[in-house]
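Architecture and fold: a report
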2 protein chains.
Amino acid sequence: MSAGPSNSDRASKVSLLKKVPALKDGDFTLAECTAILLYLSRKYNTPDHWYPSDIQKRARVDEYLSWHHANIRANAPKTMWIKLLIPLITGQPLPAEKLQEVMEGLFASLKQFEERFLQDKAFIIGSEISLADLVAIVELMQPVGVGCDIFEDRPRLLAWRRRVEDAVGKELFFQAHEMLLNIKELSNIQIDPQLKEHLTPLLMKMLK
Amino acid sequence: MSAGPSNSDRASKVSLLKKVPALKDGDFTLAECTAILLYLSRKYNTPDHWYPSDIQKRARVDEYLSWHHANIRANAPKTMWIKLLIPLITGQPLPAEKLQEVMEGLFASLKQFEERFLQDKAFIIGSEISLADLVAIVELMQPVGVGCDIFEDRPRLLAWRRRVEDAVGKELFFQAHEMLLNIKELSNIQIDPQLKEHLTPLLMKMLK
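Within an unreviewed UniProt entry, the label attached to chain A reads glutathione transferase, and the organism entered is Columba livia. As its UniProt record puts it under Subunit (unreviewed entry), chain A is described as follows: "Homodimer."

Some details on the packing of aromatic side chains
Residues and elements named next belong to chain B. In total, this model carries 14 aromatic pairs over all chains according to the counting rule given. Both rings, one in F28 and one in Y39, keep their centres 5.2 Å apart while their planes meet at 35°; by these two values the pair is tilted. A residue pair is termed long-range when its members are at least 10 positions apart, and F28 in strand β2 (residues 28-31) and Y39 in helix α2 (residues 33-43) qualify at 11 residues. For F28, a relative accessible area of 6% corresponds to the buried category.

Quick notes on the environment of V138 of chain A
Residues and elements named next belong to chain A. Summarising the element assignment, V138 is placed in helix α6 (residues 131-145). Note: C-alpha distance between V138 and P77 (61 residues apart in sequence) is 9.8 Å. With residues up to four places along the chain from it excluded, the contact list for V138 reads H177 and L180.

Topic: the side chain of T79 of chain A
All names here are of chain A. Note that T79 resides in helix α4 (residues 72-90). Judged by its relative accessible area of 0%, T79 falls in the buried class. With sequence-adjacent residues up to four places away left out, T79 is seen in contact with L84, V102, M103, L106, Q142, P143 and V146.

A few points about helix α6 (residues 131-145) of chain B
Residue and element names in this part refer to chain B. Its 15 residues give α6 an end-to-end C-alpha distance of 22 Å, which sits within 8% of 21 Å, the value for a rise of 1.5 Å per residue. Within α6, 13 of the 15 residues are buried, which leaves it mostly tucked inside the rest of the structure. Positioned one or two residues after α6, G147 has a phi angle of 90°, which is positive.

Some thoughts on the pattern of salt bridges
A complete count under the given rule lists 22 salt bridges over all chains for this structure. A salt bridge links E101 of chain A to K98 of chain A; the nearest nitrogen and oxygen atoms lie 3.5 Å apart. Pair noted here: E101 of chain A and K98 of chain A are both in helix α5 (residues 96-118), with a separation of three residues, about one helical turn. Across the salt bridge formed by D25 of chain B and K43 of chain B, the nearest N and O atoms sit 2.7 Å from each other. Note that D25 of chain B is positioned in strand β1 (residues 22-25) and K43 of chain B in helix α2, a separation of 18 residues in sequence. A single network of salt bridges, built from pairs that share partners, joins R161, R162, E165, D166 and K170 of chain A.

Overview of the interface of chain B and chain A
By a frequent convention, interface size equals the accessible area lost on bringing the separate parts together. Across the boundary between the two partners, chain B contributes 32 residues, which contact 32 residues of chain A. For the chain B and chain A pair, buried surface summed over both sides reaches about 3000 Å², with 58% attributable to carbon and sulfur atoms. Summed over the shared surface of chain B and chain A, the result is 12 residue pairs in polar contact (both at pLDDT 80 or more). Of all the secondary-structure elements, those providing two or more residues to the side of chain B that touches chain A are β2, α2, α3 (55-70) and α5 (96-118) of chain B. Ranked by residues supplied to the side of chain B that touches chain A, first place goes to α3 of chain B with 10 residues. Class assignment of the residues belonging to the side of chain B that touches chain A gives a composition of 13 nonpolar, seven polar and 12 charged.

Basis of the calculations
Residues numbered from 1 in each chain as written. Chains lettered and ligands numbered in written order. Predicted model: local features only at pLDDT ≥ 70, side-chain atom pairs only at ≥ 80, totals over all residues. Heavy atoms only, no water. UniProt positions renumbered as here; feature names shortened; annotations may be inferred. Phe/Tyr/Trp six-rings, centres within 6.5 Å; stacked < 30°, edge-to-face > 60°. Helix = DSSP H or I, 4+ residues; strand = E, 2+ residues; numbered from the N terminus. Buried < 20%, exposed > 50% of the residue type's maximum accessible area, 1.4 Å probe, protein only. Contact = heavy atoms within 4.5 Å. Expected span 1.5 Å × (residues − 1). Salt bridge = Lys/Arg side-chain N within 4 Å of Asp/Glu carboxyl O. Buried area = accessible area lost by both parts, 1.4 Å probe. Polar contact = N/O pair within 3.5 Å; in protein donor to acceptor, adjacent residues only side chain to side chain. Nonpolar A, V, L, I, M, F, W, Y, C, P; charged D, E, K, R; others polar.

Following this line, the structure appears as structure tokens:
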């Protein structure tokens, strides 16, 4: 019996961009988190609040999703690279200046997130949860996983997170973030030396 | 008679993010280029090919729009900052190393654009033009405006651009890009010294 394909082989067959997340639905394959969520909402005709048929509410979801890429998505996951993955792979100590730069970028994005999008509403587009909240929360849980609890001093952001947890269901919410919240265990794993050698110059470039 | 609001005052009233582009439709205001295009396509029920009702084709548009943000949109406009706006405002000479770094990022994005998205198709999602092509072309014309003709050595990319020009109509295409293609004239304008003083430290930080 031959060994089956590795996870990375499987992922590269599914995703056009060789990236996760990726969706395979019969012969149809799709990359990019927001495209996958929109596809699933259409295919399974999910409740209207996720991507409202009201043209103005739907535009608010689209507006957030577009802003998200260059702001929350561009900043929040960097905390994981700086605090965990880069030190783990390169063996280099954490440059405090770089972490500060990343945190400043993230804090500026969070300020806009609260003031421009969340305001005094329950969720990003109003009184009901939408895809915008889902896309936001999964990125904002990444800093938490590496010990940067961005919710701690932000009562408005924390209250929103609690509402998202309740809307999704607490059990499902923590199940979805389980690996992320235990990610520090990653620091015990062994990384293939060849992979380390290959990745180190690329990662050192990111640190410049 | 008091003077009317300045352009920037008007823009800040329209856009939630105080950014252009911004749309105002009655009392409804909307920021973000892709959100505006989607809103207009729904409101005016534009021909199906722009954002196909076919669930898989529509997902391909969404997939491109999502990828676009962290790749083409993140890289192409930087050429304008590096080659024109930063030298104009800071009065500092152009750092060749920085331009090279920006061009390397852009070239990597263009490679993916051609190989993963365009492939051997007429347009990004197949035989017809969609919002994905519009969003891509407006960013890719920015390097051209500052003398980095990225189409020159890329016959596949150039052929796609010609098809986009034909599909939009050459007159409208050049009308839409007129200011961009004459942007070097900007280097003759006078910038308010106070604005220069305010922007210079921010821009120098971008150059680090």
